[in-house]
Amino acid sequence: MAIRLRALTTVAAAVALAAAIGVVSSAPATAAVPAPGPTSAVVTVRVGGDRVSDTAVAPLDGVQLGLFAAPDDTTPLQTCISDPDGDCSFVVTGGVLGTRPWVKEIAARSGWYANDTLRTGPGSGSPSAASAYRFQTPVLVAGQTYRSTKDFMFSSSNTDPTRSNGVWQQSRVNPPFPAHCGMDVALVFDLSASVGSSLPTLKAAADSFADAFVGTPSRLAAFSFSAQSPSVQAATGTVDENRPQPVSVSTQAGADAFKAEYAGWGLGAGTNWDAALQRVAEAGVHYDAVVVLTDGNPTRWGGTTLHGDGSNTHFTDVEAAIFSANTIKAGGTRIISFGIGNGVSGLTALNLSAISGQEAFDPNAGNVETADYYQIPDFAGAGDQLRQLALANCSGALTVIKEIAPTDTTGEDVSGAEPAGAGWTFGASAVTPGTSIDPGSATTEADGTGGVSFDLGFPAGTSSAQVGVAEVQHPGYQLVTQGGRNAVCTSLADESPVPVVNDGDLGFRVPVGSDEAVSCVVYNRAIATPPVTPPVTPPVTPPTGPAGAGGGPQELADSGSDLGGLIWPALAGLLLLAAGLTLRLSRVRG
């Protein structure tokens, strides 16, 4: 069953909605909240995991909470573990009655992590507060039940920075990047007003990100958000439509087409991480990674109905984003939160981590492959970091992009070449002994990239290896060399050329470094077949002249019958033969 979130303007309205909506259940409750006795009270907390709709979150079991006498105590008075309905309940008796204890988390469920502190305060980032995620109960009275969704924890007041929707949040552990070079990525743009004059620089950073994928079997999608997603331009009311369908960026032409999709986007107002992540989650597309580019903390939440004051960050704004991020991560998608500028410095790391993962990017360590969140000082520096992120899983990899040149080109001219479709197979083999290649053979898919990827394992003590690649040629096609070479190879790090040696009619050899990514382009062209001209049979022209009585050759020819064209030559021959015989007989008699 799913736990309903509540956003209300008054406490009375909150009670009414709680009674009307409760929870959405697909099966009977497996463990009811215990009822209080005459000498006991019950404190029950709802624990949530993945968002299932704009107003509902799935329950999460296995989370251990504690009831503490004071906010900073480390030894709990009691503990509970959330059940399959997401309920974690304490039955309170004795001396705890008549007090106001605190609920804090003790341990997260395996595969999840707790966010014990979240950043609250103005959305601009200053001043910031590190607010402990803990909640005090009312005075406990025997015979009463106290619920987090109504009696404590929950709040509808925007003046309370720790206002919560009453459902205890947890974050899923961030899935890893795919093991191979090349991936599908959703790029999520914060277009809030605070981006201001840095919008062109933000787009330039995104452009750098797209360009970095050229030469890899990768695709990109684009989402916009401000107070809502898609974002609405404050100046014109124009909606900057989301582009959830991935666009191939394996070629520069593809990357340029993707960049054109967001080139005209403008600034909106407000920051709603939750709405943006909801749009990604409901897109119906599996992305390998989602990169959230933001310059500020969330000040709104809700994917359909808008909540929050638009100026300050409360627990609710972050909680909602966590639930939406969990849904994305549940499908195996990695989330990278990319904070840019002063508005997301310092304590904002707490919120960036809550929607992605717990490992910060360290430029000194260069942990691009494993970092969950970034805090970049300015937009100008974002491009370089995004480029490194794009190639995070490409070290020691060889990618091959197959392009098909138009049939109206000749020689080595490949103008207008486009990525091949599905079914083109390349085999890779180790020239350097001890080198491993995974896979040994790869075939292009119907994804628009025309690309395949090979991951290399290098022998101990070596920093590079020679790799041989050969394609399986399709009937009716021919390889198109470039400068006499069967492939054109470049280093993805700096786009410098990598030497290629032909290996037979269709293969080539190329060196790959253990710390670099090499991309090769192989061109083909369909063999033009000359048109077949059917043979022409010349018409037979009958001789002219009067026809004999009773129907002669001319009459037969004029009759329109096909026989006329056959009988006339035969009769003419017989007449000539007869004339010759008559002449000879006359000479003999004479």
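Here we summarise the structure given alongside this text. Not measured: the values here are computed from a predicted model.

## Notes on the packing of aromatic side chains
Any aromatic ring pair is given by two values, namely how distant the centres are and how the planes are angled relative to each other. Considering all chains together, one arrives at 14 aromatic pairs under this definition. For the ring pair phenylalanine 209 and phenylalanine 213, a centre distance of 5.0 Å and an interplane angle of 90 degrees mean the geometry is edge-to-face. Accessibility assignment for this pair places phenylalanine 209 and phenylalanine 213 in one class, buried. Relative to tyrosine 287, the ring of phenylalanine 223 lies with its centre 6.2 Å away and its plane at 90 degrees, an arrangement referred to as edge-to-face. Remark: tyrosine 287 occurs in the loop between helix H4 (273–281) and strand E21 (289–294) and phenylalanine 223 occurs in strand E17 (residues 219–225); sequence separation between them is 64 residues. Judged by its relative accessible area of 1%, phenylalanine 223 is buried. An aromatic cluster is built from Tyr133, Phe135, Trp168 and Phe315, whose rings are joined through pairwise contacts. Lying across the ring of tryptophan 102, arginine 134 places its NZ or CZ 5.8 Å from the centre.

## Considering the pattern of salt bridges
For side chains of opposite charge, pairing can occur when their charged atoms come near one another. Using the criterion set out here, one finds 13 salt bridges in the structure. Salt-bridge contacts for aspartate 256 lead to lysine 259; the nearest nitrogen and oxygen are separated by 3.2 Å. Remark: lysine 259 and aspartate 256 occur in helix H3 (residues 252–262); sequence separation between them is three residues, near one turn of the helix. Aspartate 256 sits in the partly exposed class, given a relative accessible area of 39%. Note that arginine 387 and glutamate 495 form a salt bridge whose closest N and O atoms lie 3.8 Å from each other. Here glutamate 495 lies in the loop between strand E33 (488–491) and strand E34 (497–498) and arginine 387 lies in helix H7 (residues 382–390), a separation of 108 residues in the sequence.

## As for the packing of H4 against helix H5 (residues 315–330)
Geometry of a packed helix pair, given as the angle between the helix axes and the separation of the axes. Close contact between H4 and H5 brings their axes to 8 Å; oriented N to C, the two are set at 20 degrees. One way to sum up the angle between H4 and H5 is to call them roughly parallel. You can see that H4 and H5 cross each other, and the crossing is left-handed. Together, Trp273, Asp274, Leu277, Gln278, Val280 and Ala281 of H4 and Ala320, Ala321, Ser324, Ala325, Thr327 and Ile328 of H5 make up the contact between the two elements.

## Observations regarding H5
Taking 1.5 Å per residue as the helical rise, H5 with its 16 residues ought to reach 22 Å, and the 22 Å between its terminal C-alpha atoms agrees with that figure. Burial within H5 is extensive, with 14 of its 16 residues counted as buried. Just beyond H5, the residue with positive phi is glycine 332, at close to 90 degrees.

## With respect to the sheet that holds strand E20 (residues 243–248)
Taken in spatial order, the six strands line up as E20-E17-E16-E21-E23-E24 in an open sheet, and their pairing is mixed. Sheet topology places E20 and strand E24 (373–376) at the edges, where each strand pairs with a single neighbour. The sheet shows a mean angle of 20 degrees between the axes of neighbouring strands, direction not considered. Note: E21 against strand E23 (residues 334–340), six bridges, orientation parallel. Looking at E23, one finds that valine 291 is bridged to isoleucine 336. Strands in contact with helix H2 (residues 199–212) are strand E16 (184–190), E17, E21 and E23; relative to E16, the strand with the most contacts, it is inclined by about 175 degrees.

## Here's the deal with the state of the cysteines
Under the definition given, this model contains three disulfides. Across the disulfide, cysteine 80 is cross-linked to cysteine 88 (sulfur-sulfur distance 1.9 Å). Between cysteine 80 and cysteine 88, the S-S torsion sits near 115 degrees, and that sign places the bridge as right-handed. Overall, cysteine 80 belongs to the buried group, its relative accessible area being 6%. Sulfur-sulfur distance for the disulfide between cysteine 489 and cysteine 520 comes to 2.0 Å. Around the S-S axis, the bridge from cysteine 489 to cysteine 520 shows a dihedral of about 110 degrees and counts as right-handed. Of this pair, cysteine 489 sits in strand E33 while cysteine 520 sits in strand E37 (residues 517–526), and the two are 31 residues apart along the sequence. Judged by its relative accessible area of 2%, cysteine 489 falls in the buried class. Looking at cysteine 520, the relative accessible area reads 0%, which means it is buried.

The rules behind the values
In every chain, residue numbers begin from 1 and rise along the written sequence. In keeping with the predicted nature of the model, local features appear solely for residues at pLDDT of at least 70, side-chain atom pairs appear and are counted solely at 80 or more, and the whole-chain, interface and lining totals rest on all residues. Excluded from the side-chain calculation are hydrogens and water; included are all heavy atoms of the structure. The criterion for an aromatic pair is that two Phe, Tyr or Trp rings (for Trp, the six-membered ring) have centres within 6.5 Å, with stacked assigned to planes under 30 degrees apart, edge-to-face to planes over 60 apart and tilted to the rest. Exposure categories follow from relative accessible area, calculated using a 1.4 Å probe and restricted to protein chains: below 20% of the type maximum is buried, above 50% is exposed, and the middle band is partly exposed. Each helix is a run of DSSP H or I of at least 4 residues and each strand a run of E of at least 2, with the numbering of both proceeding from the N terminus. Two conditions define a charge sitting above a ring: the NZ of Lys or the CZ of Arg must be within 6 Å of the ring centre, and it must be within 35 degrees of the ring normal. Any Lys or Arg side-chain nitrogen located within 4 Å of an Asp or Glu carboxyl oxygen qualifies as a salt bridge. Inter-axis angles, ranging from 0 to 180 degrees, are taken between N-to-C directions of lines fitted to C-alpha atoms, where helices are fitted over the stretch in contact. The scheme is simple: roughly parallel for angles under 35 degrees, roughly antiparallel for over 145, roughly perpendicular for 65 to 115, oblique for anything else. Crossing handedness: left-handed means the near helix sits turned counterclockwise from the far one by under a right angle, and right-handed means the same turn made clockwise. Here, two residues are considered to be in contact whenever any of their heavy atoms come within 4.5 Å of each other. Multiplying one less than the number of residues by 1.5 Å gives the expected span of a helix. Two strands are said to pair when DSSP picks up at least two bridges between them. Criterion for a disulfide: a pair of cysteine sulfur atoms within 2.5 Å.

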